[in-house]
Amino acid sequence: MNTETLEEQLKAFLIAKRDEAGLSQSDVAARSEVFGMGRLLDQRAVSRIEQAPLSSDALKIAAYMTAVGCTPTDYFNELSRLTIQEETDPNMATTQHSGIHEKLAQAHARLEQAQAIIAAAKDTYISSLQLGETFERSHALLNGLQRKPVIGCFGHFDAGKSTLLNTLISESVLPTKYQPATSVINLLMHTSDRPAALVGNVAVFSKGFMPHMIHDAALVEQHLIEQGDGELLRRYGMHQQDNEQAQQAYVAVVFSAADILNQVWLLDTPGQLGDGDDSDTDKALAGVELTDGIVFMSNHTGFLKDSDLGFAANVIRARPPAKGSDSLEHLLFVQSHCHGEIPAADVDGVGLSAFRRVKRQLDNMIFGAWMEERHIDTLPSAEQLASRVQPFWRENDLYRSATLRRVRDMATKLTASYDAIVDQRIAQTMEQMVAALQTAVDQLAFRKEDTIKRVKEVEEQEARFRGEAGELVAKFQALIASCPQRKKQDLESIGDYYRVQASAESIEKLIHDTYTDKKEAQGEVVNYLSQLFTAKLESVLKASGRSISAEVDNLLQRWQTAAPAMAAGTASAPGAKLEMDLSAFNSRAAFVGGMAGLGSLGAMSLYVGTIASNLGAYLMVGKAAGVMASLGMVGSVTSVTSFVAAIGGPITIGIAIAAAIGYMFYRLLGGSWQKSLAGKVADGLRENKLLSRLEQPVDAFWASTEQAMGAGLKELIQQTDAHIDGLKRDAAMAYDPAQLDQSVHTVAAALASMRAGETSRAA
């Protein structure tokens, strides 16, 4: 819809509302008082609004709508509806996706309405509060929600991932070979999601690109390597060891008109793992952080055996279910290569047989950790897991149609849960903006106090702060100095666990308890053990990381309370136990901002993830915004707060060790085969120095934590000093009381506008 057509429809809407009210243009002008600001329109202004609504500012539109007996939000809802109608194909889009789009458009409209009231005033006093930046951060947070849920396809090469995705979209877009083919993360989006900056069907991006960034022209330009047609997938996205240029490619976005892409985006990942290609392993497992739903593919022959089980554990453990959803609805295990020569009875029985066989391993490697972290209440049964298995062979109509239906079912459920997440994030953003406007009113009112009184109050606050600052800095330094001791404790915990589990006696018991088949045990026990060690490592570091993060936040809250403030305005962060200060200074933002540019944050990644989800847009300021962006937390619905991101990717020691020593045991002679196998495994673990490999992430974790905390404290001190200097300058400045009254009046009007929009939405 072009601008002229849109304006004609809005003109008709406004005039219809005036006619329904039985009012003339003069009547509307006489009734145009809004937000307690008096009459804002005359007859000529009413006429101009009706002739050119798109050129009218939000304050005048609000006055017009109030005069005809409607709310300002009614106008912006109509504008959103017309825009959405144009941008979305009504024959293709789902109800859920359209609803999300509309909610975001309405939220943007509420912000713009309040923003326009402030902008129209052109008030220098208000400008000094930097409310414009706060509005822009809120818009940015909403923009980050403009993505669809992502279903990722995982598994080793030749499991059929690309074939399945090509089948889902009814196109042969992704390269397929009976050898490792995919060497980048392929993200499939609907053609309606393609931004104006991209004209090709394929766009290749560098590392750091996240799905929601497709809607941000600046981020697209920042990460774009090249765009074109399907030839780019062969040039950048397939294994070409002699192509140095292809090494920088990380994500390839492929645009398709497939129906399912109206609901979700689909992700294809590399599958050449465990044979020395660290780049493939990184991309395949990092893809977990981009997904909401997981399709794990394993061949019918050897379903979930050998390295498949370890790979699945690394992927699934990193993506627990969303809060309030079923523990397994975001998972689907595809039993691939079920060709016509395999009897249907054999195909049907594989899932239950496999999960009965590996149930204990999965509980230890995945579901036990989920329970410990309170993502689930009970361990899933083998029968429940088997119900999430789907046979697939593209040439089998029954298997193909059933697989398509189940992926679509997952898409529908993910879209529904995503809708709830969007509701929560929108409400959080709106409440925070209301709190920021209220604090601005308090700050302006404070400036009305006598200059001498203001200067004295700031000096008294600074004196109290300086009295506490020394103690707080000492506590921070002691906390930083505790990192080596915490590392030592974690190393001892990992070492004790390793020495018990890696002993021949423990391994023999594990083999007795888990396996009945010698060949199966020979092929899987090493991978299973290494996954147990990996899960233990993650558990230990998570617990330690959360402990020190809690101590950091306690000190930052004390710092925030002690730091001088222009006004005492504080508000509770929606949905969180933390208190959020909305004054000109934010201790958390200052501390996190100090970590900008660091390669790894250790435990502070967990801390940033926690406060990002609790405090939302108000941490996204200055250098802190860059830190969050580097962790993928800006506008990402999943927030990428899992421990996978915190330690720079899943640990894949299981695959490496299985490849190195997993096939040494095929011929065992004499005595108990379990005891013989256990002895050889124990020897192999020692020879491959597994304990040393487990200790390396612990060393790196605490070194990064110590460095990040030191940088954060340094920035915190510097920003606090700068903040105090600013308060002193402001306190000494003489303000015009009459102009301050008008400033308060304007911000109060914007605040009333935001609250009116919330009341209208709730109704």
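It should be emphasised that the depicted structure is a prediction, and the values quoted were computed from it without experimental measurement. (Residues numbered from 1 in each chain as written. Predicted model: local features only at pLDDT ≥ 70, side-chain atom pairs only at ≥ 80, totals over all residues. Heavy atoms only, no water.)

Visitor: An account of the overall build of the protein is needed here, citing residue identities and associated values.
Guide: Helix and strand counts for the protein come out as 28 helices and eleven strands. The proportion of buried residues among the 763 residues of the protein is 55%. Residue pairs in contact within the protein that sit at least 24 positions apart in sequence constitute 79% of those at least 6 positions apart. For the protein, the computed accessible surface area is about 31,500 Å², with 49% contributed by carbon and sulfur atoms. (Helix = DSSP H or I, 4+ residues; strand = E, 2+ residues; numbered from the N terminus. Buried < 20%, exposed > 50% of the residue type's maximum accessible area, 1.4 Å probe, protein only. Contact = heavy atoms within 4.5 Å. Areas by Shrake-Rupley, 256 points an atom, 1.4 Å probe, with all protein chains shown as cover.)

Visitor: Please provide a residue-by-residue account of unusual backbone geometry, values included.
Guide: Working note: non-glycine residues mostly have negative phi, and peptide bonds are mostly trans. In this structure, Lys122 takes a positive phi of about 50° despite not being glycine. Assignment of secondary structure puts Lys122 in the loop between helix H6 (95–121) and helix H7 (124–127). According to the relative accessible area criterion, Lys122 is exposed, its value standing at 74%. Within the chain, Gln130 stands out as a residue other than glycine whose phi angle is a positive 60°. Its location among the elements puts Gln130 in the loop between H7 and helix H8 (131–143). Judged by its relative accessible area of 47%, Gln130 falls in the partly exposed class.

Visitor: Residues and numbers for the sheet that holds strand S6 (residues 265–268), please.
Guide: The mixed open sheet is built from nine strands, whose spatial order is S4-S3-S5-S2-S6-S1-S7-S8-S9. Here the strands that pair on one side only, and so sit at the sheet edges, are strand S4 (224–228) and strand S9 (389–391). Each neighbouring strand pair of the sheet contributes to a mean axis angle of 20°, computed without reference to strand direction. For strand S2 (residues 185–190) and strand S5 (residues 251–256), the ladder comprises six bridges, and the chain directions are parallel. Bridge pairing in S5 places Leu188 opposite Val254. The strands touched by helix H13 (residues 307–317) within the sheet are strand S1 (150–154), strand S7 (293–299) and strand S8 (331–336), with S7 carrying the most contacts at an inclination of about 180°. (Pairing = 2+ DSSP bridges. Axes fitted to C-alpha atoms, helices over the stretch in contact; angles between N-to-C directions.)

Visitor: Run through the environment of Ile151, naming residues and quoting values.
Guide: Looking at the element boundaries, Ile151 is found in strand S1. Each C-alpha atom, one on Ile151 and one on Val288, is 9.5 Å from the other, the two residues being 137 residues apart in sequence. Those residues in contact with Ile151 that lie beyond four places of it in its chain are Val264, Trp265, Leu266, Leu267, Gly293, Val295, Val407, Met410, Ala411 and Leu414.

Visitor: Now, about the packing of H8 against helix H16 (residues 397–447): what can you tell me, with residues and values included?
Guide: Two elements in contact, H8 and H16, have axes separated by 10 Å at closest approach and are oriented at 175°. Relative to H16, the element H8 is oriented roughly antiparallel. Here Leu131, Thr134, Phe135, Ser138, Leu141 and Leu142 of H8 come into contact with H16, specifically with Ile426, Thr429, Met430, Met433, Ala436, Leu437 and Ala440. Its residues assigned to classes, the contact of H8 with H16 comprises ten nonpolar, three polar and no charged. (Parallel < 35°, antiparallel > 145°, perpendicular 65-115°, else oblique. Nonpolar A, V, L, I, M, F, W, Y, C, P; charged D, E, K, R; others polar.)

Visitor: I'd like a rundown of the pattern of salt bridges, residues and numbers included.
Guide: This structure, assessed with the given rule, holds 26 salt bridges. With a closest N to O distance of 3.2 Å, Lys11 and Glu8 form a salt bridge. Of the two residues, Lys11 and Glu8 are both situated in helix H1 (residues 3–21); the distance of three residues between them amounts to about one turn of the helix. Exposure remark for Lys11: the relative accessible area of 14% places this residue in the buried category. In the salt-bridge network here, residues are joined through shared partners; they are Glu462, Arg466, Asp721 and Lys728. (Salt bridge = Lys/Arg side-chain N within 4 Å of Asp/Glu carboxyl O.)

Visitor: Before we move on, can you summarise the confidence of the model for the protein with the specific residues and values?
Guide: Per-residue pLDDT for the protein has a mean of 81; in total, 80% of the residues score no lower than 70. Overall, residues 273–278 carries pLDDT values under 50, and its contacts beyond four positions in sequence, including any with other chains, amount to twelve contacts. Overall, residues 568–582 carries pLDDT values under 50, and its contacts beyond four positions in sequence, including any with other chains, amount to 40 contacts. (pLDDT = per-residue confidence, 0-100.)

Visitor: So what about the pairing of S6? Which residues, and what values?
Guide: Working note: regular strand, side chains alternate between the two faces of the sheet. The side-chain alternation of S6 yields two buried faces, one formed by Trp265 and Leu267 and the other by Leu266 and Asp268. Sheet topology note: the S1/S6 ladder contains four bridges and is parallel. Bridge pairing in S6 places Val150 opposite Trp265. In terms of strand pairing, S2 meets S6 through three bridges, oriented antiparallel. Pairing of Asn186 across the sheet is with Asp268, part of S6.

Visitor: A description of the packing of aromatic side chains should follow, citing residues and the corresponding values.
Guide: Applying the stated rule across the entire model yields twelve aromatic pairs. With a centroid separation of 5.0 Å and an interplanar angle of 80°, the aromatic rings of Tyr125 and Tyr735 are classed as edge-to-face. One end of the pair, Tyr125, is in helix H7; the other, Tyr735, is in the loop between helix H27 (690–732) and helix H28 (737–762), and 610 residues separate them in sequence. On the basis of relative accessible area, Tyr125 is assigned to the buried category, the value being 13%. Pairing Tyr498 with Phe533 gives two aromatic rings, centres 5.4 Å apart and planes at 45°, and the pair type is tilted. (Phe/Tyr/Trp six-rings, centres within 6.5 Å; stacked < 30°, edge-to-face > 60°.)

Visitor: Please give an account of the nonpolar core that cites residues and values.
Guide: Counting residues in each nonpolar core, the largest one holds 94 residues, and the members touching the most others are Phe355 and Met604. Among the elements that take part in this core, helix H20 (residues 518–562) stands out by supplying 16 residues, more than any other. The residues touching Met604, leaving out its near neighbours within four places in the chain, are Ile548, Ser549, Val552, Phe591, Met595, Ala708 and Met709. Membership of the second largest hydrophobic core comes to 54 residues, among which are Met65, Ala114, Met430 and Met754. (Core = buried A, V, L, I, M, F, W, Y, C linked by side-chain atoms within 4.5 Å.)

Visitor: Before we move on, could you go through the side chain of Ser298 and cite the residues and values that matter?
Guide: By the element assignment, Ser298 lies in strand S7. Here the side chain of Ser298 touches Asp308 through a polar contact of 2.5 Å, side chain to side chain. Beyond its immediate sequence surroundings of up to four residues, Ser298 is in contact with Phe303, Leu304, Asp308, Val334, Gln335 and Ser336. (Polar contact = N/O pair within 3.5 Å; in protein donor to acceptor, adjacent residues only side chain to side chain.)

Visitor: Would you mind going over the pairing of S7 in detail, with residue names and values included?
Guide: In terms of burial, S7 is a largely internal element, six of the seven residues being buried. Sheet analysis places S1 next to S7, joined by four bridges and oriented parallel. Paired with Gly152 across the strands is Ile294, a residue of S7. Relative to S8, S7 is paired through six bridges, and the arrangement is parallel. Paired with Ile294 across the strands is Leu331, a residue of S8.

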